[in-house]
Amino acid sequence: MAIDNEITFRKLAVFKVFMETGNIARTGEALGLSGVSVHRALHSLEEAIRCPLFSHKGRNLVALPAARKLLEYAEEATGILETGIEETRKIAGIGQGRLRIGTLYSLTLETVPRLIMGMKLRRPEVEMDLTMGSNHMLLNQLDNGTLDAILISVNDGELDKNQLEVLPLFHDDIYLAAPSTAHLAGLQPADLRDYHNQKFVALAEGFATYAGFQEAFHVAGFEPDIITRVNDIFSLISLVQAGVGFTLIPGRMRKVYEHDIKLLRLAEPYQMRQLIAIVFARNRERDPNLLALAAEGRMYARSLGSMEK
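The rules we used
- Residues numbered from 1 in each chain as written.
- Predicted model: local features only at pLDDT ≥ 70, side-chain atom pairs only at ≥ 80, totals over all residues.
- Heavy atoms only, no water.
- Helix = DSSP H or I, 4+ residues; strand = E, 2+ residues; numbered from the N terminus.
- Expected span 1.5 Å × (residues − 1).
- Buried < 20%, exposed > 50% of the residue type's maximum accessible area, 1.4 Å probe, protein only.
- Arc of directions from axis to C-beta.
- 1 Å grid on protein atoms, 1.4 Å probe; cavity = no way out; pocket = protein on both sides within 12 Å on 5 of 7 lines; lining within 4 Å.
- Points joined across faces, edges and corners; volume = space filled by probe spheres on them.
- Nonpolar A, V, L, I, M, F, W, Y, C, P; charged D, E, K, R; others polar.
- Pairing = 2+ DSSP bridges.
- Contact = heavy atoms within 4.5 Å.

Visitor: Go over helix α5 (residues 111-122) with me, naming the residues and quoting the values.
Guide: In this model, α5 (twelve residues) spans 17 Å end to end at C-alpha, consistent with the 16 Å of a helix rising 1.5 Å per residue. For α5, the full list of buried residues reads Thr111, Val112, Leu115, Gly118 and Met119. Taken end-on, α5 shows its buried residues confined to a sector of 130°, consistent with a single buried face. When the buried face of α5 is taken as reference, the exposed residues oriented beyond 90 degrees from it are Met117 and Leu121.

Visitor: If you had to explain unusual backbone geometry to someone new, which residues and values would you point to?
Guide: Where the residue is not glycine, phi is negative for most of them; where a peptide bond is considered, it is trans in most cases. The backbone of arginine 50 shows a phi angle near 60°, a positive value even though the residue is not glycine. With respect to the helices and strands, the residue arginine 50 is situated in the loop between α3 (35-49) and β1 (54-57).

Visitor: Describe the layout of surface pockets, listing the residues and the values that go with them.
Guide: Any empty space left between atoms is shown by rolling a water-sized probe over those atoms. In this structure, the largest pocket occupies an estimated 560 Å³ of space. Taken together, 20 residues form the lining of the largest pocket, with Phe170, Asp172, Gly251, Arg252 and Lys255 sitting closest to its centre. When contributions to the lining of the largest pocket are tallied by element, the ones reaching two or more residues are β6 (164-179), α9 (254-257) and α10 (288-308). Ranked by residue count, the leading element in the lining of the largest pocket is β6, at five residues. Its residues placed into classes, the lining of the largest pocket shows eight nonpolar, four polar and eight charged. Computed from the structure, the second largest pocket encloses a volume of approximately 320 Å³. As for the second largest pocket, its lining consists of 15 residues, and the residues nearest its centre are Leu142, Asp143, Gly145, Leu164 and Ala281. By residue number, the principal contributor to the lining of the second largest pocket is helix α6 (residues 135-143), which donates three residues.

Visitor: Hey, could you go over the pairing of β6 for me, with residue numbers and the actual values?
Guide: In terms of burial, β6 is largely enclosed, as twelve of its 16 residues are buried. As defined by bridge partners, β6 adjoins strand β11 (residues 273-281) across nine bridges and the pair is classed as antiparallel. By the bridge assignment, aspartate 173 is partnered in β11 with arginine 273. The pairing of β6 with strand β9 (residues 247-250) spans four bridges and is antiparallel. Following the sheet pairing, leucine 176 is matched in β9 by leucine 248. One ladder, built from five bridges, connects β6 with strand β10 (residues 261-265); its direction is antiparallel.

Visitor: Before we move on, could you go through the environment of phenylalanine 15 and cite the residues and values that matter?
Guide: By the secondary structure assignment, phenylalanine 15 is in helix α1 (residues 9-21). Note on phenylalanine 15: relative accessible area 0%, which makes it buried. Considered as a pair, phenylalanine 15 and tyrosine 270 are 255 residues apart in the sequence and their alpha carbons are 67 Å apart. What phenylalanine 15 contacts, discounting residues up to four positions off in sequence, is Leu42, Leu45, Phe54, Ala67, Leu70, Leu71 and Ala74.

So, in structure tokens, the structure goes:
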């Protein structure tokens, strides 16, 4: 026999509580429902099963043997469902003791450590796995479920806001980076046209700064002489330190490297800003681990805003 659509797990939950309490009012208090709602749920369940479950004694409902038999199977069915949901969530990595975070390399200097320390205070039982990579790689891993949340540079229209939750953290300016021994063409701000004879090193395609690098030199009207491309920003800066070439890097690297390389603010035509944000799937916005990460991200963003003031 096909199961009637009116038989729902919600009604079975009401039925189970009523069988425990034996009283409509107490059932309503336990579930936050009105007595009318409890009575309606029990009555519609009885109708859907097409079998009497209760007898009426005055205004009270008294469970029949059929109700006690249904209770056995209702407890088994809801228990199996709860286990199934829990196992399903485990497979998806939701709400468990591990949070898989992806980040740009450059954010491991300050932003990621601050967020991790805050998370350990909020949810000390949660272990955090950290994956570093390019914007493109991290977005792919978020999409296929390998990562739970990512910290990347986002652009307007790049992400589907219907599918993804985007929590802005801060904006960051891009600078021209030169070897400390380089003879610079002029004072700040730097006009990229003054450096058309210089050698450059760059990040590979897919990294946050790659598109900005391309656009800046397009505005400058020349193709930079790129000696090599690398897959992380620390290797990029090491090449600049070694005198291999110039490059463009985000301002968040200044605190660590300002004494090892020369950093020049770009002239107005080439200026660009990155928006750094936490991104995760919108259908997981109630995951307690992601809620804690989002809360920590908001606190971090507010702290940066107060520092700017």
